[in-house]
Amino acid sequence: MRRPPSAGTHLLPAAPLEDWLRERYFQAETDISSSGVHNYTLGDLRALDPVLLDPAELDRLMFRDGPSLGDERLRAAVAARVRPGPGHAVMTTHGSTEALFLAFGALVRPGDEVVVPGPAYHSLWALAAAAGAVLRTWPLRPENDFVPDPADLRKVLNERTRLVVVNFPHNPTGACVDAQGRAELLELVERSGATLLWDGAFTDLVHDLPRPADPTRDLDRSLSFGTLSKAYGLPGLRVGWCVAPRELLPELVRIRDYLTLSLSPLVERLATVAVEHADTLIAPRLAEARHHRELLLEWADASGGAVECPAPRGGVTAFPRFTGHEDTTDLCERLLSVHGVLAVPGRVFGHPDRMRIGFSCPREELERGLTAITEELVADGRREEPR
Ligand SMILES: Cc1ncc(COP(=O)(O)O)c(C=O)c1O
């Protein structure tokens with residue numbers, strides 16, 4: 001017998017990005033879809049700390065329940081890197097997805113206004129909407145290469161604004177605020193009386209800017225989110241965190257008590273090693289990504305106007321427009337079926353004439369992917385020629 005859906009979760013819409021990737025991800029031979037750097041192995045992690053991850057040491061690991069806020073050593077490692085404000089503390093979570101789920105659940109009440117960038121990663125707006133929020137968009141304008149303009153934010157703030165959600169560097173466009181943009185953003189949020197949710201999934205992946213400082217240092221009413229899935233190349237570990245005002249932690253824990261309770265001690269052991277050796281993991285991938293960004297931009301420049309690509313200031317995805325395509329979905333389907341190449345059609349982010357291209361795969365993979373796109377664009381051109 002079909003039962004009615006439970007309250008709340010039935011309001012969660014489908015996530016078109018995940019629907020697109022779900023099976024294709026496992027079919028593709030060449031992956032230029034990813035928003036994270038290419039992945040590391042367990043062996044790579046073990047080499048970083050042969051003592052903590054020594055097999056005999058691991059054999060002694062007891063599978064007890066973990067603490068509700070996360071393992072102390074992991075929380076300390078994250079705090080040493082993020083350097084939160086004094087009124088804030090770290091909670092480790094199952095990916096930053098869980099942290100976002102807890103935060104929206106704790107902070108949004110029906111009728112609250114929540115400002116979200118457009119376009120945005122699905123969790124950032126869908127979780128707010130499912131909690132009953134009225135969404136307001138801070139538009140990142142394609143005609144302005146998606147550069148965030150604080151004047152556009154000012155227009156959507158009012159006394160009913162409960163949360164302002166941002167994600168810099170931004171998925172999928174790679175847009176980012178510089179130090180002045182960050183200061184203006186924090187000041188606008190502070191004056192509005194709202195709380196800032198800063199999704200810092202790509203904080204460690206900025207290209208021609210200094211790494212943005214954690215907002216919790218300058219704004220009491222703020223939370224920040226981080227993850228091992230993007231800059232660390234460890235998406236399958238499913239570890240993230242939030243940095244939240246200390247007084248909010250019991251509320252986050254109350255929700256977690258119905259969701260995941262805690263993380264696995266084995267997973268937290270591995271995550272601790274990753275965060276304690278963050279630079280060793282991140283630096284080579286970042287250097288490679290910067291080089292690949294140049295290759296991608298050169299490829300777009302050489303396309304004769306077929307591909308217009310705003311330069312991403314951070315992250316490892318670009319969001320170019322395909323000038324001859326109103327909707328790139330068919331093109332992406334052909335990339336997979338003919339060439340085994342996985343990319344993401346822009347419609348999943350509400351911009352059908354674009355494509356999300358991840359450029360932090362190994363170089364040969366990126367080159368294969370871009371060549372396949374060029375071949376398909378040439379084939380499209382032939383199909384359109386008058387006979
Ligand atoms: C902006 C942003 N936030 C959060 C996430 C969630 O990542 P995870 O749950 O793997 O930490 C993603 C994943 O793509 C993302 O792009």
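*Asks:* Help me understand the site of the ligand, please; the structure alone is not making it clear to me.
*Replies:* The environment of the ligand is made up of 14 residues, and the closest members are Gly95, Ser96, Thr97, Thr227 and Ser229. If one sorts the elements of the shell around the ligand by residue count, helix α5 (residues 95-107) sits on top with 3 residues. Along the lines of polarity and charge, the residues of the shell around the ligand split into 3 nonpolar, 10 polar and 1 charged.

*Asks:* Even after reading the chapter, I still don't get the nonpolar core, so can you show me in this structure?
*Replies:* Nonpolar side chains tend to gather and get buried jointly when the protein is soluble and globular. Counting 103 residues, the largest nonpolar core has Ala128, Val165 and Ala274 as its most contacted members. The element contributing the most residues to this core is α5, with 7 residues.

*Asks:* Whenever I open this one, the packing of helix α4 (residues 72-82) against helix α10 (residues 265-276) confuses me. Can you help?
*Replies:* The relative placement of two packed helices is expressed as an angle between their axes plus a distance between the axes. Between α4 and α10, the shortest axis-to-axis distance is 9 Å and the interhelical angle comes to 25 degrees. Classed by the angle they form, the pair α4 and α10 counts as roughly parallel. In this structure, α4 meets α10 at a crossing whose hand is left-handed. Contact with α4, carried on its side by Arg73, Leu74, Ala77, Val78 and Arg81, involves Glu268, Ala271, Thr272, Val275 and Glu276 of α10 and no other residues of that element. Tallied by class, the residues present in the contact of α4 with α10 amount to 5 nonpolar, 1 polar and 4 charged.

*Asks:* How should I be thinking about the environment of glutamate 364 in this particular structure?
*Replies:* Its place among the elements puts glutamate 364 in helix α13 (residues 363-384). Expressed as a C-alpha distance, the spacing of glutamate 364 and valine 189, which sit 175 residues apart in the sequence, is 44 Å.

*Asks:* For this particular structure, what's the right way to read the pairing of strand β5 (residues 161-167)?
*Replies:* Along any regular strand the residues' side chains alternate between the sheet's two faces. Among the 7 residues of β5, 6 are classified as buried, and the element is accordingly described as predominantly covered. Pairing of strand β3 (residues 113-118) with β5, which is carried by 3 bridges, proceeds in the parallel orientation. Bridging across to β5, valine 114 finds its partner in leucine 163. In this structure, β5 lies alongside strand β6 (residues 195-199), joined through 5 bridges in parallel fashion. Across the sheet, valine 166 pairs through a bridge with tryptophan 198, a residue of β6.

Definitions and limits used
Residues numbered from 1 in each chain as written. Predicted model: local features only at pLDDT ≥ 70, side-chain atom pairs only at ≥ 80, totals over all residues. Near = placed C-beta within 6 Å. Helix = DSSP H or I, 4+ residues; strand = E, 2+ residues; numbered from the N terminus. Nonpolar A, V, L, I, M, F, W, Y, C, P; charged D, E, K, R; others polar. Core = buried A, V, L, I, M, F, W, Y, C linked by C-beta atoms within 7 Å. Buried ≥ 20, exposed ≤ 12 C-beta atoms within 10 Å, placed from the backbone. Axes fitted to C-alpha atoms, helices over the stretch in contact; angles between N-to-C directions. Parallel < 35°, antiparallel > 145°, perpendicular 65-115°, else oblique. Left-handed = near helix turned anticlockwise from the far one by under 90°. Contact = placed C-beta atoms within 7 Å. Pairing = 2+ DSSP bridges.

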